[in-house]
Amino acid sequence: MRHFGHIAPEVRQRLFHQEPCEFTVDSSARLLSAALGATLYSPATRPRLADDIVKQAGNGVVSMVLCLEDSIDDADVVAGEENLVRQFADLDSRAGVEPPLLFIRVRVPEQIPDLVRRLGDSARLLSGFVMPKFTEERGIPFLEALTAAEAESGRRLFAMPVLESPELLYRESRVDTLEGIARAVDKFRDRVLALRLGVTDFCSSYGLRRAPDMTAYDVQVVGSVIADVVNMLGRADGTGFTVTGPVWEYFRVPERMFKPQLRQSPFLEVQAVELREKLIEHAMDGLLREISLDQANGLLGKTCIHPSHVLPVHALSVVSHEEFSDAQDILRPERGGGGVLRSAYTNKMNEVKPHRAWAERTLLRAEVFGVAGEDVGFVELLAAGIPG
């Protein structure tokens, strides 16, 4: 699989200076953690789940979470488990089908080894498990269950803990909770693919819900948690993990209070005015702003609950030609001693030592999402990726 693999090769060649790389479920954890992109959530109870997975893969989705937790009723958990077993078997029987990276969001640790056993041979399609309301105390049993299931099945399985508990949100317990989470995930570092943020649960603790004109960063009590999570768990010194962006809840807005946040000029330049209007109608201008703020705050990828959110996440994850040029210059072997240089675009200073970690992360993102052509912007990437 690869990002933008659903568009024609000749279109990719036109859009990309460097095309996104190919990867598989067996690729390195370092590559997969960066490649998750827009992780699409789906209730595990959907009766045609296998068909849905194949369809979304054809539309560019590369990672999905099949949810047995908050997205389904408590009374439907058993039926959801049974449905997952059937749907995985169905998917496994389809010749030539390459599904996305598939994760199951469970409620309790015991579900992990039980589901792996029940999936049987079709567990080869499973990349891992999403672990809700993760703290050190609650999370260690999930990670131990994952390790046991992995040993029993002979399959590599990854964990994606969700950071969403009130203890993490509340100021008086936040540091202790983060330190505990850090101990837990460090102990199982090889199995933790990414940390996911549960912003909806954070808002719930205060009876809040951000409007489509607002991002998670505008809700200051939430923004402060994101900052502290990145501060303690997302460092670029080798101790950090990939932290993914929060879910965007909206996909159509009947009325808005503030002006749209998308400038007209990028769309006028490529004759895509109708695309801009469609994005605004479906609240995508707020989503695009939040994705940009995710990246500015050190997050990579995003939880998505609607297929229409996938392409904007991927389009804004593509590395620009300018970013790529700067990163390459900073990491040239002859720059090992440091120094300052003017960028090839002659519009900024590149300071080798302080910008090195940024450059390394940028080249990893370039590997999985590609590098846009010199005159290609996110509007062209959005327009090209929309299914016909």
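Residues numbered from 1 in each chain as written. Predicted model: local features only at pLDDT ≥ 70, side-chain atom pairs only at ≥ 80, totals over all residues. Heavy atoms only, no water.

**Regarding the environment of V77**
Going by this rule: We count a stretch as a helix when DSSP gives it H or I for four or more residues in a row; a strand needs E for two or more, and each element gets its number in order from the N terminus. Think of it in three bands: with a 1.4 Å probe and only protein chains considered, a residue is buried below 20% of the maximum accessible area for its type, exposed above 50%, and partly exposed in between. Residue contacts are counted whenever heavy atoms from the two residues lie within 4.5 Å of one another.
Along the chain, V77 turns up in helix α4 (residues 77-92). Relative accessible area serves as the criterion here: at 13%, V77 is assigned to the buried category. Taking the C-alpha atoms as reference points, V77 and T244, separated by 167 residues in sequence, lie 26 Å from one another. The residues contacting V77, other than those within four sequence positions of it, are L68, I72, R107 and Q111.

**Digging into the nonpolar core**
What counts is decided by this rule: Note on terminology: a nonpolar core comprises buried Ala, Val, Leu, Ile, Met, Phe, Trp, Tyr and Cys residues joined through side-chain atoms within 4.5 Å.
The biggest cluster of nonpolar side chains holds 72 residues, and the ones touching the most others in it are F88, I104, F129, L163, L197, I226 and V229. Residue contacts for L163: discarding those within four places in its chain leaves F134, L168, I181, L195, R196, L197, G198, F202, V229 and L233. Core analysis: the second largest hydrophobic core is formed by 33 residues, L32, L36, L101 and L193 among them.

**Observations concerning the sheet that holds strand β9 (residues 302-304)**
Short version of the rule: Only when DSSP finds a minimum of two bridges between them are two strands counted as paired. Between N-to-C directions, angles cover 0 to 180 degrees, with each direction set by a line fitted to C-alpha atoms, over the stretch in contact for helices.
A barrel is described by the order of its strands in space; here eight strands give the closed sequence β2-β3-β4-β5-β6-β7-β8-β9, paired in parallel fashion. On average, each strand axis in the sheet is inclined to that of its neighbour by 30 degrees, with strand direction left out of account. One ladder, built from five bridges, connects strand β3 (residues 63-67) with strand β4 (residues 101-105); its direction is parallel. From the neighbouring strand, M64 faces β4, where its bridge partner is L102.

**Here's the deal with the packing of aromatic side chains**
Cut-off, in case you're wondering: Aromatic pairing here means that ring centres of Phe, Tyr or Trp (its six-membered ring) are within 6.5 Å. Orientation follows from the plane angle: under 30 degrees is stacked, over 60 is edge-to-face, and everything else is tilted.
Under the criterion given, the structure shown has three aromatic pairs. Judged by centre distance (6.1 Å) and plane angle (65 degrees), the ring pair of W248 and Y250 falls under edge-to-face. Summarising the burial analysis for this pair, W248 and Y250 share the class buried.

**Some details on the UniProt feature "binding site: Mg(2+)" (unreviewed entry) in the protein chain**
Rules: UniProt positions are given in the numbering used here, feature names are shortened, and annotations may be inferred rather than shown by experiment.
UniProt annotation of "binding site: Mg(2+)" (unreviewed entry) refers to D201 when read in the numbering used here. Beyond its immediate sequence surroundings of up to four residues, D201 is in contact with D70, K133 and E164.

**Observations regarding the packing of helix α15 (residues 321-330) against helix α16 (residues 352-369)**
The angle between the axes and the distance between the axes are what describe a pair of packed helices. Put simply, the rule is: Oblique is the label for any angle not covered by the other classes, which are roughly parallel (under 35 degrees), roughly antiparallel (over 145) and roughly perpendicular (65 to 115). Crossing chirality is assigned from the near helix's rotation relative to the far helix, an anticlockwise turn below a right angle marking it left-handed and a clockwise turn marking it right-handed. Nonpolar residues are Ala, Val, Leu, Ile, Met, Phe, Trp, Tyr, Cys and Pro. Charged residues are Asp, Glu, Lys and Arg, and all others, Gly as well, are polar.
At a minimum axis separation of 8 Å, α15 and α16 run at an interaxial angle of 125 degrees. With respect to α16, the element α15 is oriented oblique. Of the two possible hands of crossing, α15 and α16 adopt the one that is left-handed. Taking contact as the criterion, the partners of E323, F324, D326, A327, Q328 and I330 in α15 are, on α16, V352, H355, R356, W358, A359, T362, L363, R365 and A366. Residue composition of the contact of α15 with α16, grouped by class: eight nonpolar, three polar and four charged.

**A few points about the pairing of β4**
Counted only if it meets this: Seen with the strands pointing away from the viewer, any crossover whose path from the first strand over the helix to the second strand runs clockwise is right-handed.
With five of five residues buried, β4 lies mostly within the body of the structure. Side chains of β4 alternate between two faces, with L101, F103 and R105 and L102 and I104 buried alike. Of the strand pairs in this sheet, β4 and strand β5 (residues 126-131) are connected by four bridges, and their pairing is parallel. For L102, the partnering residue across the bridge sits in β5 and is L126. Handedness of the β4-helix α5 (residues 111-119)-β5 crossover: right-handed.

**Section: the domain arrangement of the protein chain**
Where we set the bar: Residue ranges labeled as domains rest on an automatic or database domain assignment. Accessible area that two parts lose when put together, evaluated with a 1.4 Å probe and summed over both, is termed the buried area. In what follows, salt bridge is the name for a side-chain nitrogen of Lys or Arg lying within 4 Å of a carboxyl oxygen of Asp or Glu. Two N or O atoms form a polar contact when they lie within 3.5 Å of each other; inside protein one atom must be a possible hydrogen donor and the other a possible acceptor, and for residues adjacent in sequence the pair counts only when both atoms belong to side chains.
Domain boundaries assigned for the protein chain yield domain 1 (9-318) and domain 2 (322-369). Taken together, the contacts link 19 residues of domain 1 with 10 residues of domain 2. When the two sides are added together, the surface that domain 1 and domain 2 hide from each other amounts to roughly 1300 Å², 59% of it contributed by carbon and sulfur. Between domain 1 and domain 2 we count zero salt bridges in total. There are four residue pairs in polar contact (both at pLDDT 80 or more) connecting domain 1 and domain 2. The greatest single-element share of the side of domain 1 that touches domain 2, amounting to four residues, is contributed by helix α2 (residues 29-35). Its residues assigned to classes, the side of domain 1 that touches domain 2 comprises 10 nonpolar, seven polar and two charged.

**Topic: empty space enclosed by the protein**
Gaps between atoms show up when a probe of the same size as a water molecule is rolled over them. So the rule is basically this: Cavities and pockets are found on a 1 Å grid laid over the protein atoms alone: a cavity is a set of points where a 1.4 Å probe fits but cannot escape, a pocket is an open set with protein on both sides within 12 Å along at least five of seven lines, and a lining residue has an atom within 4 Å of such a point. Grid points are joined across faces, edges and corners, and a volume is the space filled by probe spheres set on the points.
Under the definition given, this model contains one cavity of 30 Å³ or more. If you add up the space inside the largest cavity, you get close to 50 Å³. Surrounding the largest cavity, I291, D294, Q295, L299, L300, G301, K302, V313 and S317 form its lining. For the lining of the largest cavity, the elements supplying multiple residues, two or more each, are α13 (284-296) and α14 (310-317). Per-element tally for the lining of the largest cavity: the top contributor is α13, with three residues. Of the residues assigned to the lining of the largest cavity, the class counts are four nonpolar, three polar and two charged.

**Observations regarding helix α10 (residues 220-233)**
It helps to recall that an α-helix has 3.6 residues per turn; residues three or four apart then point in one direction. Our working rule: Take the residue count of a helix, subtract one, and multiply by 1.5 Å to get its expected span. Taken from the helix axis, the directions to the C-beta atoms give the arc we talk about.
When the terminal C-alpha atoms of α10 are compared, their 20 Å separation across 14 residues agrees well with the 20 Å that a helix rising 1.5 Å per residue should span. Taken residue by residue, α10 has V222, G223, V225, I226, V229, V230 and L233 as its buried positions. What you see down the axis of α10 is that its buried residues fit within an arc of 160 degrees, all on one side. Residues of α10 that are buried make contact with β6 (158-163), α7 (166-169), α8 (171-187), β7 (195-197), α9 (199-204) and β8 (243-248).

**Description of the side chain of D329**
Relative to the helices and strands, D329 resides in helix α15. Leaving out residues up to four positions away in the same chain, D329 has contacts with R335, L341 and A344.

**Concerning helix α3 (residues 49-58)**
Listed as buried for α3 are L49, A50, D52, I53 and Q56. Seen from one end, α3 has its buried residues packed into an arc of 160 degrees, which puts them on one side. Where α3 is buried, its residues contact β2 (38-43), β3, α4 and β4. One or two positions beyond α3, positive phi appears at G60, with a value near 105 degrees.

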